[in-house]
Protein chains: 2
Amino acid sequence: MPPVALRADPVSAPAPACRLESPAGARAFSVVPPAPDWVAPGVTRKIAAVLAERPATPCLVVDLDVVEANYHALRAALPEAAVYYAVKANPAPPLVARLVALGSSFDTASLPEIDLCLSLGADPARLSFGNTIKKARDIAAAHDRGVDLFAFDAEEELRKIAAHAPGARVFCRLLIDNAGAEWPLSRKFGCSPAMARDLMRLADRLGLRPVGLSFHVGSQQTDPAQWDPALEAVARLFADLRADGLAPTLVNLGGGLPTRYGRPVPEAAVYGARIRDTVARLFDTAPDLIVEPGRGLVGNAGVLETEVVLVARKDAAETRRWVYLDAGRFNGLAETEGEAIRYPIATDRDGDGAGCGPVVLAGPTCDSVDVLYDRADVHLPLSLAAGDRLRLLSTGAYTTTYASVGFNGFAPLEAHYV
Amino acid sequence: MPPVALRADPVSAPAPACRLESPAGARAFSVVPPAPDWVAPGVTRKIAAVLAERPATPCLVVDLDVVEANYHALRAALPEAAVYYAVKANPAPPLVARLVALGSSFDTASLPEIDLCLSLGADPARLSFGNTIKKARDIAAAHDRGVDLFAFDAEEELRKIAAHAPGARVFCRLLIDNAGAEWPLSRKFGCSPAMARDLMRLADRLGLRPVGLSFHVGSQQTDPAQWDPALEAVARLFADLRADGLAPTLVNLGGGLPTRYGRPVPEAAVYGARIRDTVARLFDTAPDLIVEPGRGLVGNAGVLETEVVLVARKDAAETRRWVYLDAGRFNGLAETEGEAIRYPIATDRDGDGAGCGPVVLAGPTCDSVDVLYDRADVHLPLSLAAGDRLRLLSTGAYTTTYASVGFNGFAPLEAHYV
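Residues numbered from 1 in each chain as written. Chains lettered and ligands numbered in written order. Predicted model: local features only at pLDDT ≥ 70, side-chain atom pairs only at ≥ 80, totals over all residues. Heavy atoms only, no water.

Going by an unreviewed UniProt entry, chain A carries the name ornithine decarboxylase and comes from Roseospira goensis. What UniProt states about chain A under its Cofactor (unreviewed entry) heading is, verbatim, "pyridoxal 5'-phosphate". (UniProt positions renumbered as here; feature names shortened; annotations may be inferred.)

Written out as structure tokens, the structure is:
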């Protein structure tokens with residue numbers, strides 16, 4: 001693996017006054033073009049202006065210029081790849097509309113996501129119905145709307161596609177390991193290479209166009225080398241499929257590109273260089289590449305503003321406080337499950353001279369699993385009290401959509417796009 | 001602990017054709033009064049009639065007569081206790097309205113839950129603001145609406161209540177162990193007895209009325225003896241508080257009463273008898289009792305109907321199939337997290353003679369954590385295919401409200417109350 005240049009631009013180097021993780025690594029210039037106007041770690045001028053108005057909490061504020069900068073950076077890092085934004089990461093219409101304007105393609109999980117993209121002007125030819133689990137009638141409806149690219153990983157799914165989207169382009173998802181991912185995937189998606197080979201041949205016999213293969217290295221994948229073994233499996237299978245008389249051309253690299261939370265992550269350029277080198281080494285003819293970023297495009301574009309509802313101790317002798325926020329696992333912070341994703345934190349009291357102490361951070365519901373960080377050793381100002389505001393940084397992805405309809409009576413997460 | 005009479009009435013003995021858990025234990029008559037009209041394990045005639053219309057899936061169908069029967073059974077089992085329904089378990093207006101009509105009181109977690117109850121005719125004097133985590137302005141708003149009973153477990157919370165609901169009745173929540181609970185609580189709620197004593201005295205000095213104590217033995221608590229150590233702690237603290245010149249009278253027994261999923265659970269009558277015996281043994285003067293059932297009142301009243309979207313194998317050699325449903329962790333089945341709650345399952349193919357085989361059960365989203373049962377060793381018919389319907393029984397509690405606003409574009413869980 002080549003030396004990794006660590007991101008150290010203000011976009012991705014939120015340094016909360018109190019530590020969540022110690023930042024480490026050499027500073028370097030970012031390759032992100034037209035830089036958004038960062039005024040504090042993780043906070044742009046536009047986001048700061050919204051927060052200065054003291055919007056009702058909890059709320060998410062997303063700066064679309066950051067999304068645009070991320071899009072350009074990824075295009076520059078991997079110019080051969082078509083970018084299919086994973087809509088599920090954040091399906092807000094203003095965000096999707098911005099990406100439509102930039103010429104992005106879209107990875108969609110359901111018919112409602114397809115309809116959202118189309119309603120915002122996306123070309124159906126730029127949509128992939130990337131969920132391997134689709135109802136027959138949704139396949140038919142998508143095909144009616146002009147969508148022509150479908151994922152599959154099972155025979156039953158392939159037969160549904162053949163029956164309801166005759167002649168469509170299809171790609172088979174391979175099951176691979178997820179070492180190095182902070183949000184690794186289960187065995188839920190994909191099939192073995194042997195089964196993929198059989199299914200690609202079946203697709204051909206069913207009158208579909210078996211254009212290629214996909215895989216996913218796991219979300220928030222911090223190791224650029226993790227695409228290598230997957231690409232090697234794909235290259236081997238391409239050779240087998242050609243021996244079978246097929247002509248696969250599409251390599252769908254999936255998602256997994258990380259955003260910066262506590263620890264530094266490699267630049268998009270590092271991932272791009274590594275993937276390009278590997279593809280050049282493994283494939284005689286350059287394949288058509290697709291990449292499906294979600295978190296990598298929108299994660300660092302958002303700030304989730306919360307109010308401290310209560311600071312408590314369980315006993316007078318306990319030094320670790322419990323800090324309860326008005327946002328929790330059921331209204332925006334679902335990815336704190338298992339403390340998997342550790343958002344950087346900033347508060348109004350940072351640096352007030354009173355010092356910091358250890359806390360458990362929890363949400364507002366009566367549900368005991370609504371605890372955000374317990375083992376994470378979060379430290380927050382000793383002066384923190386009910387009514388103070390606290391910001392979770394890099395919360396642009398997978399926050400609004402996981403929010404419940406109203407668990408415990410708490411409304412879904414409000415969001416502002418600027 | 002006395003011998004436990006196992007529930008074996010049709011309400012609570014769903015026996016799926018294929019095993020999820022082997023039912024066990026002696027059969028006995030249920031004490032549940034006016035029995036709803038059960039036509040199959042877990043399914044009443046009214047629910048069956050709705051399902052016969054093939055409603056769009058996924059959907060929940062709840063028979064309010066079952067809720068009513070559960071309410072009467074609990075009142076009969078523990079006549080000394082006021083029933084405060086934990087609205088968070090299922091805040092559907094028709095369900096809350098039925099309980100209002102029955103004379104129930106309500107345990108509420110937020111101002112929106114309070115407003116819901118009031119809008120359906122509940123008397124504010126019958127509401128408890130039972131969340132220990134409350135914004136000052138929500139305390140004030142609740143007090144303005146006539147709510148006069150508030151939970152607390154920390155000094156800061158107590159001072160908020162004193163400032164914004166002056167003179168209100170308050171009870172302090174104790175931190176206790178949750179042995180025996182299938183959904184145990186963390187240390188998120190409650191404080192030590194020593195701190196509770198200090199805070200009750202402080203409440204008195206702040207002009208509040210420190211009426212008593214509460215605890216929670218953990219949700220889906222299958223061991224009736226688990227209330228004993230908590231009641232012993234409360235009795236000791238009552239003595240201390242009386243020595244301090246206070247006059248506590250209220251013992252809030254919390255929730256935890258189970259519903260029947262796969263395994264038999266003790267009858268409400270068994271819990272009632274045990275708790276009554278323990279209270280009589282520990283308290284010279286009978287305290288005012290409150291019980292806060294959620295799951296125990298509504299769990300077995302609901303059936304969640306889903307459609308099989310895909311049946312797949314990861315490799316031709318694998319015998320365990322993956323069965324993907326149109327309901328998953330993000331649109332109704334959140335309590336399958338960690339496979340904590342195991343719902344009984346029935347399908348249209350049960351008993352079709354084709355036999356059963358092991359499956360992994362998963363939801364429809366592109367999210368890899370959207371897997372319902374993997375370790376649970378679920379067996380389903382070998383004939384099961386996309387388009388078939390599958391029913392999850394005893395899903396009346398904690399399903400609709402945990403549903404996301406639209407993760408992956410999938411709508412929240414639709415529900416029908418009959």
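Describing the overall build of chain A
Across its full length, chain A holds 10 helices and 20 strands. Within chain A, the proportion of its 418 residues that are buried is 62%. For chain A, the share of sequence-separated contacts (at least 6 apart) that also reach a separation of at least 24 residues comes to 72%. With an accessible surface of roughly 13,900 Å², chain A has 52% of that area assigned to carbon and sulfur atoms. (Helix = DSSP H or I, 4+ residues; strand = E, 2+ residues; numbered from the N terminus. Buried < 20%, exposed > 50% of the residue type's maximum accessible area, 1.4 Å probe, protein only. Contact = heavy atoms within 4.5 Å. Areas by Shrake-Rupley, 256 points an atom, 1.4 Å probe, with all protein chains shown as cover.)

A closer look at the nonpolar core
Residues Leu95, Phe106, Phe150 and Leu253 of chain B are the most contacted members of the largest nonpolar core, which totals 103 residues. It is helix 8 (residues 227-243) of chain B that contributes the most residues to this core, 8 residues altogether. What Leu253 of chain B contacts, discounting residues up to four positions off in sequence, is Leu78, Phe215, Trp227, Leu231, Ile275, Leu289, Ile290 and Val291 of chain B. Among the nonpolar cores identified, the runner-up in size contains 101 residues, and Ala92, Leu297, Leu304 and Ala334 of chain A belong to it. (Core = buried A, V, L, I, M, F, W, Y, C linked by side-chain atoms within 4.5 Å.)

Quick notes on the pattern of salt bridges
Taken as a whole, this structure holds 66 salt bridges over all chains when the rule is applied. A salt bridge links Lys188 of chain A to Asp370 of chain B, with the shortest nitrogen-to-oxygen separation between them at 3.6 Å. Of this pair, Lys188 of chain A sits in the loop between strand 9 (181-183) and helix 7 (193-205) while Asp370 of chain B is found in the loop between strand 17 (356-362) and strand 18 (371-381), placing the two residues in two different chains. Neither residue differs from the other here; Lys188 of chain A and Asp370 of chain B are each classed as buried. Among the charged side chains, a network of salt bridges with common partners joins Lys46, Asp63, Asp65, Glu68 and Arg98 of chain A. (Salt bridge = Lys/Arg side-chain N within 4 Å of Asp/Glu carboxyl O.)

Section: unusual backbone geometry
Excluding glycine, a negative phi dihedral is what most residues carry, and trans is how most peptide bonds are arranged. Residues and elements named next belong to chain A. Here the bond from Thr57 into Pro58 is cis, since omega is -5°, no more than 30 degrees from zero. Its identity as a non-glycine residue notwithstanding, Asp377 has a phi of 55°, on the positive side. Mapped onto the elements, Asp377 comes out in strand 18 (residues 371-381). When its relative accessible area of 35% is taken as the criterion, Asp377 is described as partly exposed. Phi at Tyr398 is positive, roughly 55°, even though this residue is not glycine. The residue Tyr398 is located in the loop between strand 19 (389-393) and strand 20 (414-417) in this model.

Describing the interface of chain A and chain B
Contacts between the two partners involve 71 residues from chain A and, on the opposite side, 71 residues from chain B. Across the chain A to chain B interface the summed buried area is about 5,500 Å²; carbon plus sulfur atoms make up 56%. Its largest share of buried area at the contact with chain B, chain A owes to Lys188, Lys314 and Cys366 of chain A, together 13% of the area lost on that side. Applying the counting rule to chain A against chain B returns 12 salt bridges. With a shortest N-O distance of 3.9 Å, Lys314 of chain A and Asp153 of chain B are connected by a salt bridge. At the junction of chain A with chain B, the criterion picks out 42 residue pairs in polar contact (both at pLDDT 80 or more). Sorting the residues of the side of chain A that touches chain B by element identifies helix 4 (111-119), helix 6 (155-164), helix 7, strand 14 (302-312) and strand 15 (321-325) of chain A as the ones contributing at least two each. Looking at the side of chain A that touches chain B residue by residue, the classes come out as 34 nonpolar, 16 polar and 21 charged. (Buried area = accessible area lost by both parts, 1.4 Å probe. Polar contact = N/O pair within 3.5 Å; in protein donor to acceptor, adjacent residues only side chain to side chain. Nonpolar A, V, L, I, M, F, W, Y, C, P; charged D, E, K, R; others polar.)

Some remarks on the UniProt feature "modified residue: N6-(pyridoxal phosphate)lysine" (unreviewed entry) in chain A
Summarizing the sequence annotation, UniProt attributes the feature "modified residue: N6-(pyridoxal phosphate)lysine" (unreviewed entry) to Lys88 of chain A in the numbering used throughout. Its location among the elements puts Lys88 of chain A in the loop between strand 4 (81-86) and helix 3 (93-102). A relative accessible area of 12% means that Lys88 of chain A is categorised as buried. If we ignore the near neighbours within four places in the chain, the residues touching Lys88 of chain A are Asp107, Glu113, Tyr398 and Thr401 of chain A together with Cys366, Phe407 and Asn408 of chain B.

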